[in-house]
Amino acid sequence: MLEYGIENGDKVEKYHIAILFNKGTKDAPNWIQLSKATENTINLNAETQEFDYIVDKNPTTLIKKYKPSMSNPLTMVKGSPDYEYFWPKFYKLPTGADAGGECLIVFMNEPTSVSGGGVKYDAWNCDVTFTLETLDPVNSQLTLTTQFNGTIIAGSVTVADGVPTFTPAE
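Residues numbered from 1 in each chain as written. Predicted model: local features only at pLDDT ≥ 70, side-chain atom pairs only at ≥ 80, totals over all residues. Heavy atoms only, no water.

Q: How do you make sense of helix α1 (residues 81-92) when you look at a structure like this?
A: Residues lying three or four places apart along an α-helix face the same way, a consequence of the helix completing one turn every 3.6 residues. Compared with the 16 Å implied by 1.5 Å per residue over 12 residues, the 18 Å span of α1 between its first and last C-alpha is a close match. All of the buried residues in α1 are D82, Y83, Y85, F86 and K89. For α1, the angular spread of buried residues about the axis comes to 165°, placing them on one side. Summarising the geometry of α1, the exposed residues directed more than 90 degrees from the buried face are Y91 and K92. Tucked into the core, α1 has its buried residues touching β1 (17-22), β2 (31-33), β6 (69-75), β7 (100-113), β8 (119-136) and β9 (141-160). Once α1 finishes, L93 follows within two positions and takes phi at roughly 50°, a positive value. (Helix = DSSP H or I, 4+ residues; strand = E, 2+ residues; numbered from the N terminus. Expected span 1.5 Å × (residues − 1). Buried < 20%, exposed > 50% of the residue type's maximum accessible area, 1.4 Å probe, protein only. Arc of directions from axis to C-beta. Contact = heavy atoms within 4.5 Å.)

What follows is the structure in structure tokens.
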């Protein structure tokens, strides 16, 4: 995983939020970083409910839950780890469990120093479903939607020699 530092007063940039996918297993993760995508937007997709309480002039909105997703237009660069991960998925048209995966979102905009001189970052770990949307070879793009499934596990990531290690929050 590529790491980028940030200081107070710096603007959070696209490269401060790393999106990684596990091409290994849950027990032996092998993370690849989404790198050739042209968007890095996480849509929270809040599910809300309206209550029109009798004592209020205006209704109240409550958030029931979130269903995050990402749309990732991937520029297809043969040999790039993200292309090599997603091209077979597109080609095989996966359904059911075969369309699933594991995602790690690393928020490098919130670093914390740890003893020994290292850094840890806030992170989310979650199961996902990949919906392959479009193949546009004219523009060299494969677009996929990544739906976050179930419970997002909040925690932190440390990186040693480019390899991220996720630790769930206590």
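Read on, since the account is not over.
Q: Got a minute to help me understand the environment of D82 in this structure?
A: Following the sequence through the fold, D82 ends up in helix α1. D82 sits in the buried class, given a relative accessible area of 0%. Along the primary structure D82 and Q33 are separated by 49 residues, whereas in three dimensions their C-alpha atoms are 6.8 Å apart. Ignoring anything within four residues of it in the chain, the contact list for D82 reads I32, Q33, L34, S35, K36, A37 and L74. A polar contact is formed between the side chain of D82 and the backbone nitrogen of K36, at a distance of 2.7 Å. (Polar contact = N/O pair within 3.5 Å; in protein donor to acceptor, adjacent residues only side chain to side chain.)

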